[in-house]
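Residue strings, one per chain:
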Amino acid sequence: QVQLVESGGGLVQAGGSLRLSCAASRSISMFNAMGWYRQAPGKQRELVARVHSVGSTNYADSVKGRFTISRDNAKNTVYLQMNSLKPEDTAVYYCNVNYVRYDYWGQGTQVTVSS
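Residues numbered from 1 in each chain as written. Predicted model: local features only at pLDDT ≥ 70, side-chain atom pairs only at ≥ 80, totals over all residues. Heavy atoms only, no water.

A.B. asks: I'd love a proper account of the pairing of strand β10 (residues 102–105), names of residues and values included.
C.D. replies: Pairing between strand β9 (residues 91–99) and β10: four bridges, direction antiparallel. Among the inter-strand pairings, N98 is bridged to a residue of β10, identified as D103. The antiparallel hairpin formed by β9 and β10 contains two residues in its connecting segment, where V100 sits at a positive phi of about 50°. (Pairing = 2+ DSSP bridges. Helix = DSSP H or I, 4+ residues; strand = E, 2+ residues; numbered from the N terminus.)

A.B. asks: Tell me about the state of the cysteines, and please be specific about residues and values.
C.D. replies: Enumeration over the complete set of coordinates arrives at one disulfide. Between the sulfur atoms of C22 and its disulfide partner C95 the distance amounts to 2.1 Å. Torsion about the S-S bond of the C22 and C95 cystine: about -80°, corresponding to left-handed handedness. Of this pair, C22 sits in strand β3 (residues 18–24) while C95 sits in strand β9, and the two are 73 residues apart along the sequence. The residues C22 and C95 share a single accessibility class, namely buried. (Disulfide = S-S within 2.5 Å. Buried < 20%, exposed > 50% of the residue type's maximum accessible area, 1.4 Å probe, protein only.)

A.B. asks: Explain unusual backbone geometry to me, using residue names and the numbers behind them.
C.D. replies: Trans is the common state for peptide bonds, and a negative phi is the common state for residues other than glycine. One non-glycine residue, N76, lies in positive phi territory at about 55°. With respect to the helices and strands, N76 occurs in the loop between β7 (67–72) and β8 (77–82).

A.B. asks: Outline the side chain of T77, supporting the account with residue identities and numerical values.
C.D. replies: Mapped onto the elements of the fold, T77 is located in strand β8. A residue is classified by how much of its surface remains accessible, and T77, at 9% relative accessible area, is buried. A distance of 2.8 Å separates a polar side-chain atom of T77 from the backbone oxygen of K75. Each residue touching T77, except ones within four places of it in the same chain, is listed here: S21, C22, A23, I28, S70, R71 and D72. (Polar contact = N/O pair within 3.5 Å; in protein donor to acceptor, adjacent residues only side chain to side chain. Contact = heavy atoms within 4.5 Å.)

A.B. asks: Now, about the environment of A74: what can you tell me, with residues and values included?
C.D. replies: Along the chain, A74 falls in the loop between β7 and β8. Owing to a relative accessible area of 75%, A74 belongs among the exposed residues under this scheme. Remark: the alpha-carbon pair of A74 and Y104, spanning 30 residues in sequence, is separated by 20 Å.

Listed below in structure tokens is the structure:
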């Protein structure tokens, strides 16, 4: 079993930055990949970014060039650095890992970008 705890959300003006953190209850070095998803009101949850154990990353087109995902295996933590935030980035952001064929999710952290 894996517990994921997100932090770092908040209210920011358009153009601002936030850094989200996702702390895992066990060593993340055993995970092939970890990701950040988001869900805005009335919309489906969507993948924002994913980082693989070998260090490669994937991003949604809407955040490329603005967001950066990284992992710190020593701290069992995954980060999402979000720059040049836009009002359309407003959503609840969730950390995710698939481990032993089961999807684990954190409780989510709210990000609100005002115009």
